[in-house]
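Below are the chains, spelled out letter by letter.
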Amino acid sequence: MNLYQQMDDSHLVLLFQKGDSRAFDEIDRRYRDKLFRFLSLKTHCSSDAEELAQKTLLQAFQSLTQLKTGNSLANWLYQIARNMRIDELRKSRPQAFSEMFSNNAQTETDFDETLFDSNPNPAQIFAQIEISQNIWAIAKDALCEEEFHILWLRYGEEKTDWEISQLIHKKVATIRVILHRARRKLFPKLHQIREEYDQ
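Residues numbered from 1 in each chain as written. Predicted model: local features only at pLDDT ≥ 70, side-chain atom pairs only at ≥ 80, totals over all residues. Heavy atoms only, no water.

## Notes on the overall build of the protein chain
Next up, step 1: In terms of regular secondary structure, the protein chain is built from nine helices and zero strands.
Next up, step 2: Taken from the N to the C terminus, the helices and strands of the protein chain come in the order α-α-α-α-α-α-α-α-α.
Next up, step 3: Looking at the protein chain as a whole, 38% of its 199 residues are labelled buried.
Next up, step 4: In the structure as shown, the protein chain presents an accessible area of about 11700 Å², 49% of it carried by carbon and sulfur atoms. (Helix = DSSP H or I, 4+ residues; strand = E, 2+ residues; numbered from the N terminus. Buried < 20%, exposed > 50% of the residue type's maximum accessible area, 1.4 Å probe, protein only. Areas by Shrake-Rupley, 256 points an atom, 1.4 Å probe, with all protein chains shown as cover.)

Pasting the structure below:
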């Protein structure tokens, strides 16, 4: 066992931030497999998980100097991995989330407001495209962490309310209330985009 392997995460981070790049070799060794397993559960594809784990560690290497003393390295790495996964899904399925705001969307709550008219004008079409491409960034900015996480599970990973309740140990009724509240919070943001195009 070398000297770096005997250090805890905080010491490795401190050494790296002082210019010792070898400290990151140990961070890589310590977390690569853990990140791979974490991402495998989300992607269900080993090659995708491996690629995202590599991207996560690259992002970590480039940004580790910004990690504040006392913050958990593990939590920080897993958050980068989650964000990487969200970005990948947003690129491949930009419409998956925004469909819940369409005229034809049926949700499990009584939330029946609609964003677009049945015969949208060109401005509304462009607004819909912009919303589809940026919806998760809008959501992350507008919602608290719990609301965003549950919304992501529901529309990003397409899990049912019951599956979400099992994952985060909350009642199905509570999940639906949080989803309802999250959509209510997002609606003003989405209407604002449409109004900007209408002007």
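## Description of helix H3 (residues 46-63)
At 3.6 residues per turn, the α-helix brings residues three or four places apart onto the same side.
Next up, step 1: With 18 residues, H3 extends 25 Å from end C-alpha to end C-alpha; this agrees with the ideal 26 Å at 1.5 Å per step.
Next up, step 2: Among the residues of H3, Ala 49, Leu 52, Ala 53, Thr 56, Leu 57, Ala 60 and Ser 63 are the ones counted as buried. Around the axis of H3, the buried residues are gathered within 140 degrees of arc, so they sit on the same side. Every exposed residue of H3 that faces more than 90 degrees away from the buried side is listed here: Glu 50 and Gln 62. (Expected span 1.5 Å × (residues − 1). Arc of directions from axis to C-beta.)

## Examining the pattern of salt bridges
Next up, step 1: Tallied over the full model, the rule gives 11 salt bridges.
Next up, step 2: Among the salt bridges present, the one from Asp 20 reaches Arg 22, with a minimum N-O distance of 3.4 Å.
Next up, step 3: On the accessibility criterion, Asp 20 (16% relative accessible area) is buried.
Next up, step 4: For Arg 154, the salt bridge is made with Asp 161, and the minimal N-O distance between the two is 3.2 Å.
Next up, step 5: Look at Arg 154 and you get partly exposed, because its relative accessible area is 22%. (Salt bridge = Lys/Arg side-chain N within 4 Å of Asp/Glu carboxyl O.)

## Observations regarding helix H7 (residues 145-156)
Next up, step 1: Taken together, the buried positions of H7 are Glu 147, Phe 148, Ile 150, Leu 151, Trp 152, Leu 153, Tyr 155 and Gly 156.
Next up, step 2: Downstream of H7 by a residue or two, Glu 158 has a phi angle that is positive, lying close to 55 degrees.

## Observations concerning the packing of aromatic side chains
Next up, step 1: For the structure shown, the criterion picks out four aromatic pairs.
Next up, step 2: Note on Phe 16 and Phe 24: the rings are 5.7 Å apart at their centroids and 50 degrees apart in plane angle, and the pair reads as tilted. Each member of the pair Phe 16 and Phe 24 is classed as buried.
Next up, step 3: Between Phe 38 and Tyr 78, the aromatic rings sit 5.1 Å apart at their centres with planes inclined by 55 degrees, giving tilted as the arrangement. Remark: Tyr 78 occurs in helix H4 (residues 73-92) and Phe 38 occurs in helix H2 (residues 22-43); sequence separation between them is 40 residues. Side by side, Phe 38 and Tyr 78 carry an identical accessibility label, which is buried.
Next up, step 4: Taken together, Phe 16, Phe 24 and Phe 61 form an aromatic cluster joined through their ring pairs. (Phe/Tyr/Trp six-rings, centres within 6.5 Å; stacked < 30°, edge-to-face > 60°.)

## Things to note about the packing of H2 against H3
Next up, step 1: Viewed as axis vectors pointing N to C, H2 and H3 meet at an angle of 140 degrees, and their least axial separation amounts to 8 Å. Between H2 and H3, the crossing angle belongs to the class labelled oblique. By crossing handedness, the relation of H2 to H3 is classed as right-handed. Contact residues: H2 offers Phe 24, Asp 28, Arg 32, Leu 35, Phe 36, Leu 39, Ser 40 and Thr 43, while H3 offers Ser 46, Asp 48, Ala 49, Glu 50, Leu 52, Ala 53, Gln 54, Thr 56, Leu 57, Ala 60 and Phe 61.
Next up, step 2: Here the residues of the contact of H2 with H3 sort into 10 nonpolar, five polar and four charged. (Axes fitted to C-alpha atoms, helices over the stretch in contact; angles between N-to-C directions. Parallel < 35°, antiparallel > 145°, perpendicular 65-115°, else oblique. Left-handed = near helix turned anticlockwise from the far one by under 90°. Contact = heavy atoms within 4.5 Å. Nonpolar A, V, L, I, M, F, W, Y, C, P; charged D, E, K, R; others polar.)

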